[in-house]
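# A closer look at the structure
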Amino acid sequence: MSLSADDIGKIIKSKIADFDAPVVTAQSGVITALADGIAQVYGLEGAMAGELLEFPKGIFGMALNLEEDLVRAIVMGHFEDLSEGDEVRTTGRIVEVPVGRELVGRVVNALGEPIDGKGEVATKDRWPVERPAPGVVDRQPVDTPVATGIKAIDALVPIGRGQRELLIGDRQIGKTAIAIDTIINQKGKNLTCIYVAIGQTATSVARVAALLEEYGALEHTIIVSATAAEPAALQYLAPYSACTMGEWFMEQGEDALVVYDDLSKHAWAYREISLALRRPPGREAYPGDVFYLHSRLLERAARLNQEKGGGSLTALPIIETQANDVSAYIPTNVISITDGQIYLEGDLFYAGTRPAISVGLSVSRVGGDAMTKAMRSVAGGMRLDLAQYRALAAFAQFSSDLDKSTRDQLERGRRLTELLKQNQYQPVPLSHQVMTIFAGTNGLLDRVPVERIGEWDQQFRRWVGQTHGPLEQAIEERKVLDDEMTKQLRAALEEFNQGFDMGPETAAEGS
């Protein structure tokens, strides 16, 4: 069968009309220099800041320095597998990570890829790691507490949903322990937690994952890991990736908590990257934008108004100090960005006060707004009592002759300090906190020997659960302490004290 010229023309036109191919706008360049995880690429004139770049062998990078005739990019992988002359292509996408509920209970790296051996994470959405913080008009005041289960925090420096509260102190004095206790205490409280480990050993991250699984907290937690063995680029990206994962829950109208452990190592990683990128160093060799590094991260924590869904993202950044120096560059930067700090003191830790929270230096700028009414009614004057006790204790070292009121104040302070001590991984419910702090601030522990306060606390909590369950439940659910409940609580405490063995010396004093 022969075709005429007209038939051939019609066939060609129909084929052209049906032809559909994606438009590829990728540009390509060539690696001209490669060192310390930084690739210098020539030929990517249209690259965007923060754009994802595709290297050979499935390795990706991120464009950071856009210079006149070249691009400097960080390599997010093993740069040893690359060499000069390799081709680099733009992707047209900013660096993204997977987000969604499917990530909960998993351990992922800074790019959201699973590293726990449990298979792929089947998420539907991917969001950029760098996103603008919610504006002022999109926020609402912080007034709902994040119950940490730690008496010293919930009573003295309460944390609210949507707040940024800094944990600061020297190494190995309990900063991570407080964060882990807070995550454990969120079981059944509709708060999704994201724990991001920056620059830690793989063993430490595995230990945290095992602890959370042991206490049933991994089922509401995402762990983002960028260990010390990984490139500085991934340590730099990890907190932004974790924040994006938390923002997904916030924008669904839910509550999320992100623990950044820790931002000191994050600043070190950024300093390493910046020096390798040949950016001018400033104070302590940090680049000039190191403040912006953390401010744009922590400003993303917020509590959205009802028009935006009412969700919240709470930030718990951790900063490690050197020899209690809170006036160093990075600590002062992060203190000025956050809404308060919980300062852990080495001297208190080694003296046996754990958690080693310094009452005088710790503060929450949200204050009583993030407290339940029950806690506010019993712990209102506790901070002042403890501050006066610390001042008097320092003065009493130089004086042996003290009047009765000073001695009484010192004894009350010692008992309150003992009452705030707490074992690790044992968060205390709100009702028990309210009951025991009421006893301490209202003089119902004054006859209990100081060294037996911990024993009294444990026995009372066990006893009140068996004999006064309705009162305990009412405080937990209503979160208030009205006159009738106060009367019942005082009667319960007096009844328990009558049966508690105060010891021979105290009994003799009472008679």
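Everything that follows concerns the structure shown earlier in this document.
Given the structure is predicted, the values throughout are model-derived calculations rather than measurements.

## Considering helix α5 (residues 232-251)
Look at α5: 30 Å from first C-alpha to last across 20 residues, which is about the 28 Å you get at 1.5 Å a residue. The sharpest bend along α5 measures roughly 35° and falls at Ala238, with the proline Pro239 sitting one to four residues further on. For α5, the buried fraction is high: 19 of the 20 residues fall into the buried class. Following α5 by one or two positions, Gly253 adopts a phi angle in the positive range, close to 85°.

## Focus: the packing of helix α13 (residues 430-441) against helix α16 (residues 483-499)
One way to put it is that α13 packs onto α16 with a least axis distance of 11 Å and a crossing angle of 75°. By the angle between their directions, the pair α13 and α16 is classed as roughly perpendicular. Here Met435, Phe438 and Ala439 of α13 come into contact with α16, specifically with Thr486, Leu489, Arg490 and Leu493. When the residues that make up the contact of α13 with α16 are grouped by side-chain class, the tally is five nonpolar, one polar and one charged.

## A word on the pairing of strand β3 (residues 51-54)
Across a regular strand the side chains alternate sides, sitting on one face of the sheet and then on the other. Here three bridges tie β3 to strand β6 (residues 87-94), and the two strands are oriented antiparallel to one another. Among the inter-strand pairings, Glu51 is bridged to a residue of β6, identified as Ile94. Note that β3 and strand β4 (residues 60-66) share three bridges and pair antiparallel. Across the sheet, Leu52 pairs through a bridge with Met62, a residue of β4. Between β3 and β4, which follow one another and run antiparallel, lie five residues, and Lys57 among them has a positive phi close to 65°.

## A look at the side chain of Arg164
You can see Arg164 is positioned in the loop between α2 (151-156) and β10 (166-169). Reaching out from Arg164, the side chain makes a polar contact with the side chain of Asp339 at a distance of 2.7 Å. Residues contacting Arg164, with those up to four places away along its chain left out, are Leu298, Glu299, Ala301, Ala315, Ile337, Thr338, Asp339 and Gly340.

## Re the nonpolar core
With 73 residues, the main nonpolar core has Leu212, Met375, Met382, Trp456 and Leu481 as its most contacted residues. By residue number, the principal contributor to this core is α13, which donates six residues. In this view, Met382 contacts Ala155, Leu156, Leu416, Leu420, Ile437 and Thr441; residues no more than four positions away in its chain are not counted. Among the nonpolar cores identified, the runner-up in size contains 62 residues, and Val196, Cys243, Val290 and Ile330 belong to it.

## Remarks on the environment of Leu444
Structurally, Leu444 is set in the loop between α13 and α14 (453-467). Sequence spacing of Leu444 and Asn497 is 53 residues, and the spatial spacing of their C-alpha atoms is 8.2 Å. Not counting residues within four places of it along the chain, the set of residues in contact with Leu444 comprises Phe438, Ala439, Arg490, Leu493, Glu494 and Asn497.

## Regarding the pattern of salt bridges
Applying the stated criterion across every chain, the model contains 25 salt bridges. Close ionic contact of Glu251 with Arg131 constitutes a salt bridge, the shortest N to O distance being 3.3 Å. Taken together, the residues Glu251 in helix α5 and Arg131 in the loop between β9 (125-128) and α2 connect sequence positions 120 residues apart. Lys421 is paired through a salt bridge with Glu418; the nearest N and O atoms lie 2.8 Å apart. What emerges from the salt-bridge pattern is a single network uniting Arg131, Glu247, Glu251 and Arg300.

## Points about the environment of Ser312
Relative to the helices and strands, Ser312 resides in strand β15 (residues 312-320). With a relative accessible area of 0%, Ser312 lands in the buried category. When the C-alpha atoms of Ser312 and Gly246 are compared, they prove to be 9.0 Å apart, with 66 residues separating the residues in sequence. Excluding residues that lie within four positions of it along the chain, Ser312 makes contacts with Arg161, Gly162, Met250, Glu254, Asp255, Ala256, Ala302 and Arg303. At 2.6 Å, the side chain of Ser312 and the side chain of Asp255 are in polar contact.

## As for the pairing of strand β2 (residues 38-42)
With four of five residues buried, β2 lies mostly within the body of the structure. Both strand β1 (residues 28-35) and β2 contribute to a ladder of five bridges, which runs antiparallel. Counterpart to Leu34 in the pairing with β2 is Ala39. Where β1 folds back on β2, the antiparallel hairpin that results is connected by two residues, among which Asp36 adopts a positive phi of roughly 55°. In terms of strand pairing, β2 meets strand β5 (residues 70-76) through five bridges, oriented antiparallel. The residue of β5 that forms the bridge with Val41 is Val71.

What counts as what
- Residues numbered from 1 in each chain as written.
- Predicted model: local features only at pLDDT ≥ 70, side-chain atom pairs only at ≥ 80, totals over all residues.
- Heavy atoms only, no water.
- Helix = DSSP H or I, 4+ residues; strand = E, 2+ residues; numbered from the N terminus.
- Expected span 1.5 Å × (residues − 1).
- Bend = angle between axes of the 7 residues up to and from the residue.
- Buried < 20%, exposed > 50% of the residue type's maximum accessible area, 1.4 Å probe, protein only.
- Axes fitted to C-alpha atoms, helices over the stretch in contact; angles between N-to-C directions.
- Parallel < 35°, antiparallel > 145°, perpendicular 65-115°, else oblique.
- Contact = heavy atoms within 4.5 Å.
- Nonpolar A, V, L, I, M, F, W, Y, C, P; charged D, E, K, R; others polar.
- Pairing = 2+ DSSP bridges.
- Polar contact = N/O pair within 3.5 Å; in protein donor to acceptor, adjacent residues only side chain to side chain.
- Core = buried A, V, L, I, M, F, W, Y, C linked by side-chain atoms within 4.5 Å.
- Salt bridge = Lys/Arg side-chain N within 4 Å of Asp/Glu carboxyl O.

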